[in-house]
Amino acid sequence: MKHFTSVHDLDNLDEALKLALELKKDPYKYQDLGKNKTLLLVFFNSSLRTRLSTQKAGLNLGMNVIVFDINEGGWKLETELGVIMDGDKPEHIREAVPVIGKYCDIIGVRSFAKFENKADDYEEKIIQQFIDYSGVPVVSMEAATRHPLQSFADHLTIEEHKTKARPKVVMTWAPHPRALPQAVPNSFVEWMRATDYELVVTHPEGYELAPEFMGDLKPEYDQMKAFEGADFIYAKNWAAYNDYGKILSQDRDWTVSDRQMAVTNNAKFMHCLPVRRNMIVSDSVIDSPNSIVVEEAGNRLFSAQTVLKLLLDQMK
Amino acid sequence: MKHFTSVHDLDNLDEALKLALELKKDPYKYQDLGKNKTLLLVFFNSSLRTRLSTQKAGLNLGMNVIVFDINEGGWKLETELGVIMDGDKPEHIREAVPVIGKYCDIIGVRSFAKFENKADDYEEKIIQQFIDYSGVPVVSMEAATRHPLQSFADHLTIEEHKTKARPKVVMTWAPHPRALPQAVPNSFVEWMRATDYELVVTHPEGYELAPEFMGDLKPEYDQMKAFEGADFIYAKNWAAYNDYGKILSQDRDWTVSDRQMAVTNNAKFMHCLPVRRNMIVSDSVIDSPNSIVVEEAGNRLFSAQTVLKLLLDQMK
Amino acid sequence: MKHFTSVHDLDNLDEALKLALELKKDPYKYQDLGKNKTLLLVFFNSSLRTRLSTQKAGLNLGMNVIVFDINEGGWKLETELGVIMDGDKPEHIREAVPVIGKYCDIIGVRSFAKFENKADDYEEKIIQQFIDYSGVPVVSMEAATRHPLQSFADHLTIEEHKTKARPKVVMTWAPHPRALPQAVPNSFVEWMRATDYELVVTHPEGYELAPEFMGDLKPEYDQMKAFEGADFIYAKNWAAYNDYGKILSQDRDWTVSDRQMAVTNNAKFMHCLPVRRNMIVSDSVIDSPNSIVVEEAGNRLFSAQTVLKLLLDQMK
């Protein structure tokens, strides 16, 4: 593994999962591995879980960790070539990224979709420049189209809670007042398709995800039908991909509540957080014993630590 | 001690004081105690002394320290139950707090009184949620009604400078251009009442502190009379408690100056800082050899380190 | 060396340079030296290279590192004496600085020229207060009139790339849309004059630097003549010193491009970064193999680590 931006970067998913479970049991087992290695976390966007869990993951491995917030107002980067830089952007990414790479051994980058231009987002213009020019391994802490550390933690959580070899996992769209990126749903679908779980994706018409993530999978537009017999419900809002960045529905019939949970196989409820209560999910569902959202967030520590451990192994 | 939010959380004040003095002599004596323990400092409000001293206290004990600034603009937390979260608050404190608790072993929280609602402030709505839901020990780095790490440092400072067994300690209100919380004076009074010092509180009428902090103690409205024979003068502004959050006086006769200091027993001058010169205290007093404000601030390191040491002891 | 604010603070420049080269080969050689020492980095202004490289320099030496951002809006410091502090500045630098000094062993300070008052800037009012009142060694991370960690890294870079004992080093002014401080050019000239390199400074008339930095050196107003036979081109914009803080020219004929580089001795191109492409330098020059700007920025780590190592040596 040279960089970590999707499930496909892992050489062996089963072994990565085994390592994550091992680290959860004994988080300090490899605490000498990161000695004299510096992890630099670069945030173009705000963060709570990712910020804290990835810092702790590096510290658990004995790394030095430096956090760098790029205030987009204060430190705008020019990304186009050939420009006369006489405007409000004092630095070109061509200088900034290789310089950042001089001060660390692994870079984590968070850079959300901007919804300004679909091609820019789906070509992953920002994180790709870190991969191309930093000279060190790059870990996605949520990029424009994927949030793989989240999906890895989701996988770990399902593995810990499943009661049958091949659980039925249902990802459902749910309403939200703002336009959210597709990174989490894209990444979840991609990651689940790399397991042998049964995966069903349900959303209103118009909310189809990009074909590169869905592959052969067809969405089920009937949410109640999708939920039948489900072992895990994974709720998430996203804005439209085809009508890029648009909010097409705020239909609260899609809010996950007791009505839909009643037709599942006593399903566990999951969400990546932060979650809007009574928009995405009813209080009754998220406060029920079947809600595993806090434990799921806790697993973010171990997905990050696993990825860092695998990258450090290759530096020995 | 499960949490630290007031002097009453200490099992034994004398021993805590002794430990603080021991740590001041040898700050690195217990530097292995915090190995593989993470201290997370959550700031809802800005900070200089608390931020730096508490970080250093954790590092002195060998802890990993992570600082997390909650920009109230960027990461607003919903605190009410049953709300449809379709507004500007993307996350509920019911998810945020237990998740934060997953990434650390001890949480420090700073959250000032908001002066919007007296009951909300005096019920300590924010820090109480951390105590109820984080699952780990919580240390107050100044909450709505108390600032116990400050009071502990004040106690340590008086102990180091007292020249008689039972010094006379006078806390005086002084004018300030803005409405300030009662956390520091509440906490100082509560802490001093747990010692055997002689305590006098003086302020203009209308500035009475909450009965739960004053207990049997009656304020002295005549500042000059209060200062007579004092060994320590502790100055502080606060806004009214009864007429909640109001500024009732900006009378600069209450500014601590040579006139009042002249009637003391060559008293030491104390203040928690930051201090408004020539509002709270004259240049002549704060720049005099009797001013011990910088040493007092330095003791913040040892009050924090003592509290962390006591909490870590219980995790062994 | 008690503090580090200019080349003149180094006891022996040759030995400092040798140490920097040694640290570059083996960055972790002195990793026990900083044990239980805390480096506090105080930023009044934003930073990328300085922030990251100085943090890493401290960590490489085994120090604890704490970063403190002073948001000038949120934490304004009063610097005048005798003022009645009833305005928007809650704290006086006379309290803030000695308190900060209580929580660390070495302080790094970044505080740019404000261009409000030439005397205030050239008297180094801010960093001087840290030197006078903090009680610990102070390292300039760019002050109003000098940026010595940058100049030291520049020196190291030239030393690594020079192909003759006494290379010709040309510092050239170049256009920029905003008024920039003279700290980098002042410091570069001062540092180069402490070496035995041949130094030429070229800029349009009106951009003369302060006499205390130029000494006997006369500027060459003809840029092409200055570049003839140069081994190193060091480009930088600055605003006028005499007509203090003014932009007198934005003449893009001064932009370093192939035309000027053609008359050099195959010169290396240097800049402290961030750099405005096609204002300061053409894409063709900064993207050429002769551009060593990224390596130069990388050397910031070793200039900082050298200075910290020398200060730590004196604490043993």
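All values reported here derive from a predicted model rather than from experimental measurement.

Section: the packing of helix 1 (residues 13-25) of chain C against helix 6 (residues 148-161) of chain C
All names here are of chain C. Viewed as axis vectors pointing N to C, helix 1 and helix 6 meet at an angle of 75 degrees, and their least axial separation amounts to 11 Å. As summarised for this structure, helix 1 and helix 6 are arranged roughly perpendicular, according to the angle between their axes. Residues Leu13, Ala16, Leu17, Ala20, Leu21 and Lys24 of helix 1 form the contact with helix 6, whose participating residues are Phe152, His155, Leu156, Glu159 and Glu160. Taken together, the residues that form the contact of helix 1 with helix 6 break down as seven nonpolar, one polar and three charged.

What about the relation of the copies chain B and chain A?
Rotating chain B by 120 degrees and translating it 0.0 Å along the rotation axis places it on chain A, where the RMSD comes to 0.0 Å. Classification of the inter-copy transformation places it as that of a three-fold axis.

Considerations on the sheet that holds strand 10 (residues 268-270) of chain C
All names here are of chain C. Overall, parallel pairing links the four strands, which are arranged 8-7-9-10 in an open sheet. Bordering the open sheet on either side are strand 8 (198-202) and strand 10, each of which pairs with just one other strand. Neighbour-to-neighbour, the strand axes of this sheet turn through a mean angle of 20 degrees, independent of strand direction. Judged from the three bridges that link them, strand 9 (residues 232-236) and strand 10 form a sheet pairing that is parallel. If you follow isoleucine 233 over to strand 10, its bridge partner there is phenylalanine 269.

Considerations on the interface of chain A and chain C
In this complex, chain A contributes 29 residues to the contact, which on the side of chain C involves 29 residues. Contact between chain A and chain C buries roughly 2500 Å² in total, counting both sides, with carbon and sulfur atoms accounting for 61%. Between chain A and chain C we count two salt bridges in total. Glutamate 95 of chain A is the salt-bridge partner of arginine 277 of chain C, the closest N and O atoms lying 2.8 Å from each other. Remark: the boundary between chain A and chain C carries eleven residue pairs in polar contact (both at pLDDT 80 or more). Tallying contributions element by element places helix 3 (residues 93-102) of chain A first for the side of chain A that touches chain C, with seven residues. Of the residues contributing to the side of chain A that touches chain C, the split by class is 15 nonpolar, six polar and eight charged.

Looking at the UniProt feature "binding site: N(2)-succinyl-L-ornithine" (unreviewed entry) in chain A
Residue and element names in this part refer to chain A. According to UniProt, the feature "binding site: N(2)-succinyl-L-ornithine" (unreviewed entry) maps to Glu142, His176, Lys236 and Arg276 in the numbering used here. Residue placement: glutamate 142 occurs in the loop between strand 6 (138-140) and helix 6 (148-161). In this structure glutamate 142 comes out as buried when scored by relative accessible area, which is 10%. If we skip the residues at most four places from it in the chain, glutamate 142 touches Val109, Arg110, Ser111, Phe112, His147 and Ala183. There is a polar contact of 3.5 Å between the side chain of glutamate 142 and the side chain of arginine 110.

Examining helix 2 (residues 49-60) of chain B
Residue and element names in this part refer to chain B. If you check helix 2, its first and last C-alpha atoms are 16 Å apart, about what twelve residues at 1.5 Å a residue would give, namely 16 Å. In terms of burial, helix 2 is largely enclosed, as twelve of its twelve residues are buried. Buried within helix 2 are the following residues: Arg49, Thr50, Arg51, Leu52, Ser53, Thr54, Gln55, Lys56, Ala57, Gly58, Leu59 and Asn60. Backbone geometry just after helix 2 places glycine 62 at a positive phi near 80 degrees.

As for the sheet that holds strand 8 (residues 198-202) of chain B
Residue and element names in this part refer to chain B. Pairing in this open sheet of four strands is parallel, and the strands run 8-7-9-10 from one edge to the other. Strands with a single pairing partner mark the edges of an open sheet, and in this sheet they are strand 8 and strand 10 (268-270). On average, each strand axis in the sheet is inclined to that of its neighbour by 20 degrees, with strand direction left out of account.

Some remarks on the interface of chain B and chain A
A common way to state how big an interface is: give the accessible area lost once the parts meet. Contacts between the two partners involve 28 residues from chain B and, on the opposite side, 29 residues from chain A. A combined buried area of about 2500 Å² lies between chain B and chain A, and 61% of that area is made up of carbon and sulfur atoms. Viewed at the interface, chain A and chain B are joined by two salt bridges. Taken together, the connections running from chain B to chain A amount to eleven residue pairs in polar contact (both at pLDDT 80 or more).

Things to note about the environment of alanine 240 of chain C
All names here are of chain C. In this fold, alanine 240 is placed in the loop between strand 9 and helix 10 (258-261). Its relative accessible area of 0% is what places alanine 240 among the buried residues. With 30 residues separating them in the primary sequence, alanine 240 and alanine 210 have C-alpha atoms 9.6 Å apart. The contact partners of alanine 240, leaving out residues within four places of it in the chain, are Gln182, Gly206, Tyr207, Gly245, Lys246 and Leu248.

Overview of the pattern of salt bridges
Taken as a whole and judged by the stated rule, the model has 48 salt bridges over all chains. Here arginine 51 of chain A makes a salt bridge to aspartate 69 of chain A, at a shortest N to O gap of 2.9 Å. You can see arginine 51 of chain A sitting in helix 2 (residues 49-60) and its partner aspartate 69 of chain A sitting in strand 2 (residues 64-69), a full 18 residues away along the chain. Classification of arginine 51 of chain A by relative accessible area gives buried; the value is 14%. Judged by its relative accessible area of 43%, aspartate 69 of chain A is partly exposed. The partner of arginine 110 of chain A in a salt bridge is glutamate 142 of chain A, with the nearest N and O atoms 3.5 Å apart. A residue pair is termed long-range when its members are at least 10 positions apart, and arginine 110 of chain A in strand 5 (residues 106-110) and glutamate 142 of chain A in the loop between strand 6 and helix 6 qualify at 32 residues. The exposure class of arginine 110 of chain A is buried, given its relative accessible area of 6%. One salt-bridge network, held together by shared partners, links Glu95 of chain A together with Arg277, Asp283 and Asp287 of chain C.

Notes on the packing of helix 3 (residues 93-102) of chain B against helix 5 (residues 125-133) of chain B
Residue and element names in this part refer to chain B. It is the contact of helix 3 with helix 5, at a shortest axis distance of 9 Å, that shows an interaxial angle of 60 degrees. In terms of orientation, helix 3 and helix 5 fall into the oblique class. Seen from above, helix 3 lies across helix 5 with right-handed handedness. Taking contact as the criterion, the partners of Ile93, Arg94, Val97, Pro98 and Ile100 in helix 3 are, on helix 5, Gln129, Phe130 and Tyr133. Each residue belonging to the contact of helix 3 with helix 5 can be placed in one class, and the counts come to six nonpolar, one polar and one charged.

A closer look at the UniProt feature "domain: Aspartate/ornithine carbamoyltransferase Asp/Orn-binding" (unreviewed entry) in chain A
UniProt's feature table lists "domain: Aspartate/ornithine carbamoyltransferase Asp/Orn-binding" (unreviewed entry) at residues 184-310 of chain A, given in the numbering used throughout. As annotated, residues 184-310 of chain A has a helix share of 35% and a strand share of 10%, and its two end C-alpha atoms lie 23 Å apart.

Observations concerning the domain arrangement of chain A
Residues and elements named next belong to chain A. In terms of domains, chain A is made up of domain 1 (7-146 + 299-313) and domain 2 (150-297). The distance between the C-alpha centroids of domain 1 and domain 2 comes to 26 Å. The interface is formed by 28 residues belonging to domain 1 together with 33 residues belonging to domain 2. Summed over both sides, the interface between domain 1 and domain 2 buries roughly 2600 Å², with carbon and sulfur atoms accounting for 66% of that surface.

A closer look at the side chain of serine 187 of chain A
All names here are of chain A. Assignment of secondary structure puts serine 187 in helix 7 (residues 183-193). Judged by relative accessible area, serine 187 falls into the buried class, the value being 1%. Within the local environment of serine 187, its side chain forms a polar contact with the backbone nitrogen of histidine 147, the two atoms lying 3.2 Å apart.

Looking at the packing of aromatic side chains
Enumeration over the complete set of coordinates arrives at 30 aromatic pairs over all chains. Ring centres 6.1 Å apart and planes at 80 degrees place the aromatic pair tyrosine 122 of chain B and tyrosine 244 of chain B in the edge-to-face group. With tyrosine 122 of chain B in helix 4 (residues 118-122) and tyrosine 244 of chain B in the loop between strand 9 (232-236) and helix 10 (258-261), this pair connects stretches of sequence that are 122 residues apart. Given the relative accessible area of 15%, tyrosine 122 of chain B is considered buried. Tyrosine 244 of chain B sits in the buried class, given a relative accessible area of 13%. Between tyrosine 241 of chain B and tyrosine 244 of chain B, the aromatic rings sit 6.4 Å apart at their centres with planes inclined by 90 degrees, giving edge-to-face as the arrangement. Accessibility expressed as a relative area gives 11% for tyrosine 241 of chain B, which makes it buried. One cation-aromatic arrangement involves lysine 118 of chain A over tyrosine 241 of chain A; the distance from NZ or CZ to the ring centre is 3.8 Å. Just above the ring of tyrosine 30 of chain B sits the side chain of lysine 309 of chain B; from NZ or CZ to the centre is 4.3 Å.

The rules behind each value
Along every chain, residues carry numbers that run from 1 in the direction the sequence is written. Whichever chain is written first is A, and whichever ligand is written first is 1; the rest continue in order. Side-chain atom pairs in this predicted model are given and counted only at pLDDT of 80 or more, local residue features only at pLDDT of at least 70, and totals for whole chains, interfaces and linings cover all residues. Side-chain measures were taken over the full set of non-hydrogen atoms in the model, leaving aside hydrogen atoms and water. Note on geometry: axes are lines fitted to C-alpha atoms, helical ones only across the stretch in contact, with angles between N-to-C directions running from 0 to 180 degrees. By the criteria applied, helices consist of DSSP H or I runs no shorter than four residues and strands consist of E runs no shorter than two, each listed in order from the N terminus. Oblique is the label for every angle not falling under 35 degrees (roughly parallel), over 145 degrees (roughly antiparallel), or within 65 to 115 degrees (roughly perpendicular). Note on contacts: a residue pair qualifies if any of its non-hydrogen atoms lie within 4.5 Å across the two residues. Classes in brief: Ala, Val, Leu, Ile, Met, Phe, Trp, Tyr, Cys and Pro nonpolar; Asp, Glu, Lys and Arg charged; the others, Gly included, polar. When the copies are overlaid, the least-squares fit takes in C-alpha atoms only where the residue has pLDDT of at least 70 in both copies. Pairing between strands is defined by DSSP: at least two bridges between them are needed. Buried area: the sum, over both parts, of the accessible surface (1.4 Å probe) that disappears when the two are put together. We define a salt bridge as a contact between a side-chain nitrogen of Lys or Arg and a carboxyl oxygen of Asp or Glu at a distance within 4 Å. Pairs of N or O atoms within 3.5 Å make up the polar contacts considered here, provided that, within protein, one atom can donate a hydrogen while the other can accept it, and that residues adjacent in sequence are counted only when both atoms are side-chain atoms. UniProt positions are given in the numbering used here, feature names are shortened, and annotations may be inferred rather than shown by experiment. Exposed residues in this analysis have more than 50% of their type's maximum accessible area, buried residues have under 20%, and partly exposed residues fall in between, with area computed by a 1.4 Å probe over protein chains only. To estimate the expected span of a helix, subtract one from its residue number and multiply by 1.5 Å. Here a crossing is taken to be left-handed if its near helix is turned anticlockwise relative to the far helix by less than a right angle, and right-handed if that turn runs clockwise. Where each domain begins and ends is defined by an automated method or by a domain database. Each Phe, Tyr or Trp ring, with Trp reduced to its six-membered ring, pairs with another whose centre is within 6.5 Å; inter-plane angles below 30 degrees give stacked pairs, above 60 give edge-to-face pairs, and intermediate values give tilted ones. Consider the ring centre and the ring normal. A charge sits over the ring if Lys NZ or Arg CZ is within 6 Å of that centre and within 35 degrees of that normal.

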